[in-house]
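Report on the structure
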Amino acid sequence: MRPVELEAIRAGDVEVAFRRWERPRLKVGTRMRTAVGLIEVTSVDPVPVSSLTAADARRAGAASLAALRHGLERVHPDRPVYRIGLRYAGVDPRQALREAVPDAAEIDAIVGWLDRLDHASPTGPWTRATLLLIDELPATRAPDLAQRMGRDTPSFKLNVRKLKERGLTESLDIGYRLSARGAAVLDHEGHPRSDRGRSEPEPGIPLPHLGVAATRALTASGVVRLEQVAELSEGEVRALHGVGPYALRHLRTAMDAAGLAFRDDAGATPETSVRKPVR
(Lines give C-alpha, C1' and ligand atoms only; values in the text may rest on other atoms or scores of the structure.)
Protein backbone atom coordinates (compact mmCIF):
# COMPACT_ATOMS: atom_id res chain seq x y z
CA MET A 1 0.00 0.00 0.00
CA ARG A 2 1.11 3.53 -0.74
CA PRO A 3 2.05 5.86 2.13
CA VAL A 4 -1.03 8.03 1.55
CA GLU A 5 -3.27 4.95 1.84
CA LEU A 6 -1.58 3.87 5.05
CA GLU A 7 -2.07 7.32 6.55
CA ALA A 8 -5.74 7.24 5.57
CA ILE A 9 -6.17 3.87 7.29
CA ARG A 10 -4.53 5.18 10.44
CA ALA A 11 -6.83 8.23 10.37
CA GLY A 12 -9.88 5.99 9.91
CA ASP A 13 -10.72 7.49 6.51
CA VAL A 14 -10.08 4.20 4.67
CA GLU A 15 -11.55 0.94 5.94
CA VAL A 16 -11.27 -1.44 2.99
CA ALA A 17 -9.10 -2.28 0.02
CA PHE A 18 -10.00 -4.19 -3.13
CA ARG A 19 -7.60 -6.57 -4.83
CA ARG A 20 -7.73 -9.07 -7.70
CA TRP A 21 -6.22 -12.33 -6.50
CA GLU A 22 -6.39 -15.91 -7.72
CA ARG A 23 -6.92 -16.88 -4.07
CA PRO A 24 -6.90 -14.98 -0.75
CA ARG A 25 -3.40 -13.83 0.18
CA LEU A 26 -4.27 -12.57 3.65
CA LYS A 27 -6.02 -14.09 6.63
CA VAL A 28 -8.40 -12.40 9.02
CA GLY A 29 -6.46 -11.30 12.10
CA THR A 30 -3.18 -10.79 10.26
CA ARG A 31 -1.31 -7.73 11.50
CA MET A 32 0.97 -6.11 8.95
CA ARG A 33 3.89 -3.93 10.04
CA THR A 34 3.95 -0.75 8.01
CA ALA A 35 5.51 2.69 8.09
CA VAL A 36 2.56 4.05 10.11
CA GLY A 37 2.30 1.12 12.53
CA LEU A 38 0.26 -2.07 12.64
CA ILE A 39 -2.56 -2.58 10.12
CA GLU A 40 -4.94 -5.44 10.95
CA VAL A 41 -6.96 -7.44 8.42
CA THR A 42 -10.54 -7.62 9.70
CA SER A 43 -12.21 -9.43 6.79
CA VAL A 44 -11.44 -11.02 3.42
CA ASP A 45 -14.46 -11.60 1.17
CA PRO A 46 -14.89 -12.29 -2.55
CA VAL A 47 -17.20 -9.75 -4.20
CA PRO A 48 -18.50 -9.39 -7.76
CA VAL A 49 -17.50 -6.13 -9.40
CA SER A 50 -21.13 -5.52 -10.32
CA SER A 51 -22.04 -5.37 -6.62
CA LEU A 52 -19.66 -2.53 -5.77
CA THR A 53 -21.28 0.72 -4.66
CA ALA A 54 -20.34 4.36 -4.17
CA ALA A 55 -20.11 3.61 -0.44
CA ASP A 56 -17.50 0.93 -1.19
CA ALA A 57 -15.51 3.47 -3.19
CA ARG A 58 -15.62 6.00 -0.33
CA ARG A 59 -14.55 3.39 2.22
CA ALA A 60 -11.62 2.44 -0.06
CA GLY A 61 -10.53 6.06 -0.53
CA ALA A 62 -11.31 6.01 -4.26
CA ALA A 63 -12.36 9.22 -6.00
CA SER A 64 -15.53 7.59 -7.31
CA LEU A 65 -17.15 4.24 -8.03
CA ALA A 66 -16.02 4.56 -11.65
CA ALA A 67 -12.44 5.15 -10.52
CA LEU A 68 -12.56 2.09 -8.27
CA ARG A 69 -13.89 -0.12 -11.04
CA HIS A 70 -11.40 1.27 -13.55
CA GLY A 71 -8.53 0.52 -11.19
CA LEU A 72 -9.70 -3.07 -10.75
CA GLU A 73 -9.90 -3.57 -14.52
CA ARG A 74 -6.32 -2.41 -15.13
CA VAL A 75 -4.49 -5.41 -13.61
CA HIS A 76 -5.44 -9.10 -13.95
CA PRO A 77 -9.08 -8.42 -14.95
CA ASP A 78 -9.67 -12.17 -15.20
CA ARG A 79 -9.08 -12.77 -11.48
CA PRO A 80 -11.79 -12.56 -8.80
CA VAL A 81 -12.07 -9.44 -6.65
CA TYR A 82 -11.61 -9.56 -2.88
CA ARG A 83 -12.70 -6.92 -0.40
CA ILE A 84 -10.22 -6.67 2.49
CA GLY A 85 -11.32 -4.99 5.70
CA LEU A 86 -8.55 -3.01 7.38
CA ARG A 87 -8.03 -1.09 10.60
CA TYR A 88 -5.18 0.65 12.38
CA ALA A 89 -4.03 -1.56 15.28
CA GLY A 90 -1.48 0.65 17.02
CA VAL A 91 2.21 1.41 16.92
CA ASP A 92 4.77 -1.12 15.76
CA PRO A 93 6.06 -2.89 18.91
CA ARG A 94 9.55 -2.88 17.41
CA GLN A 95 9.65 0.88 17.95
CA ALA A 96 9.63 0.56 21.73
CA LEU A 97 11.87 -2.50 21.53
CA ARG A 98 14.67 -0.79 19.62
CA GLU A 99 14.63 2.17 22.01
CA ALA A 100 14.95 -0.03 25.10
CA VAL A 101 18.50 -0.75 26.23
CA PRO A 102 18.60 -4.46 27.15
CA ASP A 103 19.73 -5.71 30.54
CA ALA A 104 22.43 -8.37 30.95
CA ALA A 105 20.03 -11.30 30.60
CA GLU A 106 18.49 -9.84 27.44
CA ILE A 107 21.91 -9.22 25.94
CA ASP A 108 22.90 -12.83 26.59
CA ALA A 109 19.72 -14.00 24.86
CA ILE A 110 20.34 -11.72 21.87
CA VAL A 111 23.96 -12.82 21.59
CA GLY A 112 22.88 -16.47 21.61
CA TRP A 113 20.32 -15.76 18.88
CA LEU A 114 22.92 -13.97 16.74
CA ASP A 115 25.31 -16.90 17.19
CA ARG A 116 22.63 -19.32 16.01
CA LEU A 117 21.96 -17.21 12.90
CA ASP A 118 25.68 -17.15 12.09
CA HIS A 119 26.04 -20.90 12.65
CA ALA A 120 23.05 -21.66 10.39
CA SER A 121 24.20 -19.38 7.56
CA PRO A 122 25.49 -21.25 4.47
CA THR A 123 27.64 -18.23 3.59
CA GLY A 124 29.31 -17.85 6.98
CA PRO A 125 28.85 -15.43 9.90
CA TRP A 126 27.18 -12.15 8.98
CA THR A 127 25.31 -10.69 11.96
CA ARG A 128 28.04 -8.63 13.64
CA ALA A 129 29.52 -7.47 10.33
CA THR A 130 26.09 -6.25 9.24
CA LEU A 131 25.44 -4.41 12.50
CA LEU A 132 28.88 -2.79 12.38
CA LEU A 133 28.42 -1.74 8.76
CA ILE A 134 25.04 -0.13 9.48
CA ASP A 135 26.59 1.61 12.48
CA GLU A 136 29.43 2.93 10.33
CA LEU A 137 27.25 3.94 7.36
CA PRO A 138 23.76 4.96 8.52
CA ALA A 139 21.26 6.27 5.96
CA THR A 140 23.13 4.48 3.15
CA ARG A 141 21.31 2.72 0.32
CA ALA A 142 20.83 -1.02 0.81
CA PRO A 143 22.46 -1.89 -2.57
CA ASP A 144 25.58 0.02 -1.52
CA LEU A 145 25.73 -1.76 1.84
CA ALA A 146 25.13 -5.12 0.16
CA GLN A 147 28.03 -4.48 -2.21
CA ARG A 148 30.29 -3.70 0.75
CA MET A 149 29.27 -7.05 2.27
CA GLY A 150 29.76 -8.92 -1.01
CA ARG A 151 26.08 -9.89 -1.03
CA ASP A 152 23.21 -9.43 -3.45
CA THR A 153 20.69 -6.82 -2.35
CA PRO A 154 17.66 -9.12 -1.74
CA SER A 155 19.56 -11.47 0.58
CA PHE A 156 21.18 -8.55 2.39
CA LYS A 157 17.81 -6.90 3.02
CA LEU A 158 16.39 -10.21 4.22
CA ASN A 159 19.17 -10.45 6.79
CA VAL A 160 18.62 -6.88 7.95
CA ARG A 161 14.91 -7.62 8.42
CA LYS A 162 15.88 -10.42 10.80
CA LEU A 163 17.91 -7.97 12.86
CA LYS A 164 15.10 -5.41 12.76
CA GLU A 165 12.64 -7.98 14.17
CA ARG A 166 14.74 -8.03 17.35
CA GLY A 167 14.90 -4.24 17.51
CA LEU A 168 18.60 -4.06 16.63
CA THR A 169 18.22 -1.82 13.58
CA GLU A 170 15.75 0.71 12.28
CA SER A 171 14.71 1.34 8.68
CA LEU A 172 14.96 4.91 7.41
CA ASP A 173 13.54 6.43 4.25
CA ILE A 174 17.04 5.80 2.88
CA GLY A 175 18.94 2.90 4.40
CA TYR A 176 19.09 2.00 8.07
CA ARG A 177 20.58 2.98 11.39
CA LEU A 178 21.66 1.05 14.45
CA SER A 179 19.24 1.23 17.36
CA ALA A 180 20.17 1.82 20.99
CA ARG A 181 19.51 -1.88 21.50
CA GLY A 182 21.88 -2.88 18.70
CA ALA A 183 24.58 -0.52 19.95
CA ALA A 184 24.33 -2.02 23.44
CA VAL A 185 24.96 -5.51 22.03
CA LEU A 186 28.02 -4.40 20.04
CA ASP A 187 29.41 -2.51 23.03
CA HIS A 188 28.82 -5.50 25.30
CA GLU A 189 30.86 -7.71 22.99
CA GLY A 190 33.64 -5.13 22.77
CA HIS A 191 33.48 -4.56 19.01
CA PRO A 192 35.51 -1.53 17.91
CA ARG A 193 33.08 1.03 16.58
CA SER A 194 34.53 3.66 14.27
CA ASP A 195 33.31 7.21 14.75
CA ARG A 196 33.59 7.80 11.01
CA GLY A 197 30.09 8.33 9.66
CA ARG A 198 28.65 8.08 13.18
CA SER A 199 28.67 11.63 14.43
CA GLU A 200 26.68 12.78 17.43
CA PRO A 201 22.97 13.02 16.65
CA GLU A 202 21.79 16.42 15.46
CA PRO A 203 20.13 18.35 18.29
CA GLY A 204 16.43 18.88 17.84
CA ILE A 205 13.57 16.93 16.31
CA PRO A 206 14.41 14.59 13.41
CA LEU A 207 12.45 14.69 10.18
CA PRO A 208 9.39 12.40 10.04
CA HIS A 209 9.12 9.67 7.40
CA LEU A 210 8.59 11.59 4.16
CA GLY A 211 9.57 9.11 1.47
CA VAL A 212 12.93 8.58 -0.19
CA ALA A 213 12.78 11.43 -2.70
CA ALA A 214 11.76 14.12 -0.19
CA THR A 215 14.22 12.93 2.44
CA ARG A 216 17.04 12.93 -0.10
CA ALA A 217 16.12 16.43 -1.28
CA LEU A 218 16.05 17.89 2.23
CA THR A 219 19.20 16.18 3.50
CA ALA A 220 21.08 17.23 0.34
CA SER A 221 20.26 20.82 1.36
CA GLY A 222 21.53 20.23 4.88
CA VAL A 223 18.05 19.99 6.41
CA VAL A 224 17.90 17.05 8.83
CA ARG A 225 15.65 18.28 11.62
CA LEU A 226 12.35 20.13 11.96
CA GLU A 227 13.91 23.24 13.47
CA GLN A 228 15.82 23.67 10.20
CA VAL A 229 12.63 23.26 8.18
CA ALA A 230 11.11 26.08 10.23
CA GLU A 231 13.88 28.38 8.94
CA LEU A 232 12.51 27.95 5.41
CA SER A 233 9.33 29.13 3.75
CA GLU A 234 6.85 26.58 2.46
CA GLY A 235 7.62 27.79 -1.07
CA GLU A 236 11.32 27.08 -0.61
CA VAL A 237 10.63 23.56 0.62
CA ARG A 238 8.08 22.91 -2.13
CA ALA A 239 10.61 24.00 -4.75
CA LEU A 240 12.95 21.14 -3.85
CA HIS A 241 12.77 18.38 -6.43
CA GLY A 242 11.17 15.34 -4.77
CA VAL A 243 9.11 17.22 -2.18
CA GLY A 244 5.44 16.74 -3.04
CA PRO A 245 2.05 17.12 -1.30
CA TYR A 246 2.54 13.97 0.80
CA ALA A 247 5.86 15.18 2.24
CA LEU A 248 4.55 18.71 2.83
CA ARG A 249 1.49 17.39 4.64
CA HIS A 250 3.63 15.28 6.95
CA LEU A 251 6.04 18.13 7.57
CA ARG A 252 3.14 20.39 8.56
CA THR A 253 1.69 17.73 10.87
CA ALA A 254 5.04 17.11 12.57
CA MET A 255 5.76 20.82 12.89
CA ASP A 256 2.32 21.54 14.33
CA ALA A 257 2.88 18.84 16.95
CA ALA A 258 6.25 20.41 17.82
CA GLY A 259 4.91 23.97 17.97
CA LEU A 260 6.84 24.97 14.83
CA ALA A 261 5.82 26.49 11.51
CA PHE A 262 7.30 27.43 8.14
CA ARG A 263 9.04 30.80 8.01
CA ASP A 264 6.78 33.62 6.87
CA ASP A 265 6.03 32.88 3.21
CA ALA A 266 5.19 36.41 2.15
CA GLY A 267 6.59 37.11 -1.27
CA ALA A 268 7.83 33.57 -1.82
CA THR A 269 6.89 31.70 -4.99
CA PRO A 270 7.04 28.00 -5.88
CA GLU A 271 10.08 28.84 -8.04
CA THR A 272 11.99 30.07 -4.99
CA SER A 273 14.90 27.76 -4.27
CA VAL A 274 16.88 26.98 -1.16
CA ARG A 275 19.84 29.25 -1.58
CA LYS A 276 22.24 27.51 0.73
CA PRO A 277 22.32 24.54 3.09
CA VAL A 278 20.85 25.13 6.51
CA ARG A 279 23.29 24.04 9.23
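First, a word on what this report is: a plain description of the structure on this page. Each chain carries its own residue numbering, running from 1 in the direction its sequence is written. In view of the model being predicted, local features appear only for residues whose pLDDT reaches at least 70, and side-chain atom pairs are presented and counted only at 80 or more, with totals across whole chains, interfaces and linings using the full set of residues. Excluded from the side-chain calculation are hydrogens and water; included are all heavy atoms of the structure.

What about the packing of aromatic side chains?
Classification of ring pairs rests on two measures: the distance between centres of Phe, Tyr or Trp rings, Trp counted by its six-membered ring, which must be within 6.5 Å, and the angle between planes, read as stacked under 30 degrees, edge-to-face over 60 and tilted in between. The final tally for this structure, using the stated rule, is two aromatic pairs. Placement of a charge over a ring requires the Lys NZ or Arg CZ to be within 6 Å of the ring centre, with the centre-to-atom vector within 35 degrees of the ring normal. Lying across the ring of Trp 113, Arg 166 places its NZ or CZ 4.4 Å from the centre.

Here we look at the side chain of Arg 128
Each helix is a run of H or I in the DSSP string that is no shorter than four residues. Each strand is a run of E no shorter than two, and both are numbered from the N terminus. The topology assignment puts Arg 128 in helix α6 (residues 127-136). By relative accessible area, which is 13% here, Arg 128 ends up buried. Within the local environment of Arg 128, its side chain forms a polar contact with the side chain of Asp 115, the two groups lying 2.8 Å apart. The contact rule is simple, with two residues in contact once any of their heavy atoms fall within 4.5 Å. In contact with Arg 128, other than residues within four places in its own chain, are Val 111, Leu 114, Asp 115, Asp 118, Glu 189 and His 191. Three exposure classes are used, based on accessible area relative to the maximum for each residue type with a 1.4 Å probe and protein chains only: buried under 20%, partly exposed in between, and exposed over 50%. We call two N or O atoms a polar contact when they sit within 3.5 Å, provided that within protein one can donate a hydrogen and the other can accept it, with sequence-adjacent residues counted only if both atoms are side-chain atoms.

Observations regarding the pattern of salt bridges
Salt bridge, as applied in this entry: a Lys or Arg side-chain nitrogen positioned within 4 Å of an Asp or Glu carboxyl oxygen. In this structure the tally under the stated criterion is 22 salt bridges. The closest approach of N and O atoms between Glu 165 and Arg 94, which form a salt bridge, is 3.1 Å. Residue Glu 165 is found in helix α8 (residues 153-165), and its partner Arg 94 is found in helix α4 (residues 93-99); the two are separated by 71 residues along the sequence. Glu 189 is paired through a salt bridge with Arg 128; the nearest N and O atoms lie 2.8 Å apart. Placement of the pair is Glu 189 in helix α9 (residues 180-189) and Arg 128 in helix α6, with a sequence separation of 61 residues. A network of salt bridges, in which partner residues are shared, links Arg 33, Asp 92, Arg 94 and Glu 165.

A few points about unusual backbone geometry
With phi around 45 degrees, His 76 is a residue other than glycine that occupies positive phi space. Relative to the elements of secondary structure, His 76 occurs in the loop between α3 (65-74) and β4 (81-88). Positive phi, normally seen in glycine, also occurs at Ala 139, with a value near 55 degrees. In this structure, Ala 139 sits in the loop between α6 and α7 (142-149). Judged by relative accessible area, Ala 139 falls into the partly exposed class, the value being 44%.

Some remarks on the sheet that holds β4
What the four strands build is an open sheet, ordered β1-β4-β3-β2; its pairing is antiparallel. Here the strands that pair on one side only, and so sit at the sheet edges, are β1 (16-20) and β2 (31-34). Direction aside, the axes of adjacent strands within the sheet are offset by 35 degrees on average. At least two bridges found by DSSP between two strands are what make those strands a pair. Here β2 runs beside strand β3 (residues 37-47); their pairing, made up of four bridges, is antiparallel. When the sheet's bridge partners are listed, Thr 34 is paired in β3 with Gly 37. On the sheet, helix α1 (residues 3-11) packs against β2, β3 and β4 and is oriented at approximately 60 degrees with respect to β4. Contacting β1 and β4, α3 crosses the sheet at an angle of about 35 degrees to β1. Only the stretch in contact is used when fitting a helix axis, every axis being a line fitted to C-alpha atoms; angles between N-to-C directions are given from 0 to 180 degrees.

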